[in-house]
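Each chain, written out:
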Amino acid sequence: MIEDAYVQYQSRKAARDQFDAMELLPGRVKMERNVHYIDDETAAMNLHLALMMAALENGVWQ
């Protein structure tokens, strides 16, 4: 258990985007310490970066 481990999301979409990013790159999307709030823009950018990384690793852009 991690003490004080909680995150609030601006919206359901922010939570969904963040969790989708973590599912795309299991074990590689990590939460920084003391992050307790993720807004829509941050979650969308995390998902966008995860999609690009997954595409590069799977050879889609090669």
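Further up the page is the structure itself.
These numbers come from a predicted model, not from an experiment.

Some details on the overall build of the protein
When helices and strands are counted, the protein shows 2 helices and 2 strands. Ordered by position from the N terminus, the helices and strands of the protein form the series β-α-β-α. Of all 62 residues assigned to the protein, the portion counted as buried reaches 19%. When contacts within the protein are restricted to residue pairs at least 6 apart in sequence, those whose partners lie at least 24 apart make up 75%. When the accessible surface of the protein is totalled, it reaches about 5,100 Å², and 54% of it is carbon and sulfur.

Some thoughts on the packing of helix H1 (residues 12–24) against helix H2 (residues 40–57)
When two helices pack together, their arrangement is given by the angle between the helix axes and the distance between those axes. For the pair H1 and H2, the least separation of the axes is 8 Å and the interaxial angle reads 25°. The orientation of H1 with respect to H2, classified from their angle, is roughly parallel. Regarding H1 and H2, the two cross each other, and that crossing is left-handed. Judged by residue contacts, Ala14, Asp17, Gln18, Asp20, Ala21 and Leu24 of H1 engage Asp40, Ala43, Ala44, Asn46, Leu47, Ala50 and Leu51 from H2. Looking at the contact of H1 with H2, its residues break down into 8 nonpolar, 2 polar and 3 charged.

What to know about the packing of aromatic side chains
If you walk through the whole model with that rule in mind, you get 1 aromatic pair. Look at tyrosine 9 and phenylalanine 19: their rings are 6.2 Å apart centre to centre, the planes differ by 50°, and that puts the pair in the tilted class. Placement of tyrosine 9 in strand E1 (residues 8–9) and of phenylalanine 19 in helix H1 is noted, with a sequence separation of 10 residues between them. Judged by its relative accessible area of 24%, tyrosine 9 falls in the partly exposed class.

What counts, and where the lines are drawn
- Residues numbered from 1 in each chain as written.
- Predicted model: local features only at pLDDT ≥ 70, side-chain atom pairs only at ≥ 80, totals over all residues.
- Heavy atoms only, no water.
- Helix = DSSP H or I, 4+ residues; strand = E, 2+ residues; numbered from the N terminus.
- Buried < 20%, exposed > 50% of the residue type's maximum accessible area, 1.4 Å probe, protein only.
- Contact = heavy atoms within 4.5 Å.
- Areas by Shrake-Rupley, 256 points an atom, 1.4 Å probe, with all protein chains shown as cover.
- Axes fitted to C-alpha atoms, helices over the stretch in contact; angles between N-to-C directions.
- Parallel < 35°, antiparallel > 145°, perpendicular 65-115°, else oblique.
- Left-handed = near helix turned anticlockwise from the far one by under 90°.
- Nonpolar A, V, L, I, M, F, W, Y, C, P; charged D, E, K, R; others polar.
- Phe/Tyr/Trp six-rings, centres within 6.5 Å; stacked < 30°, edge-to-face > 60°.

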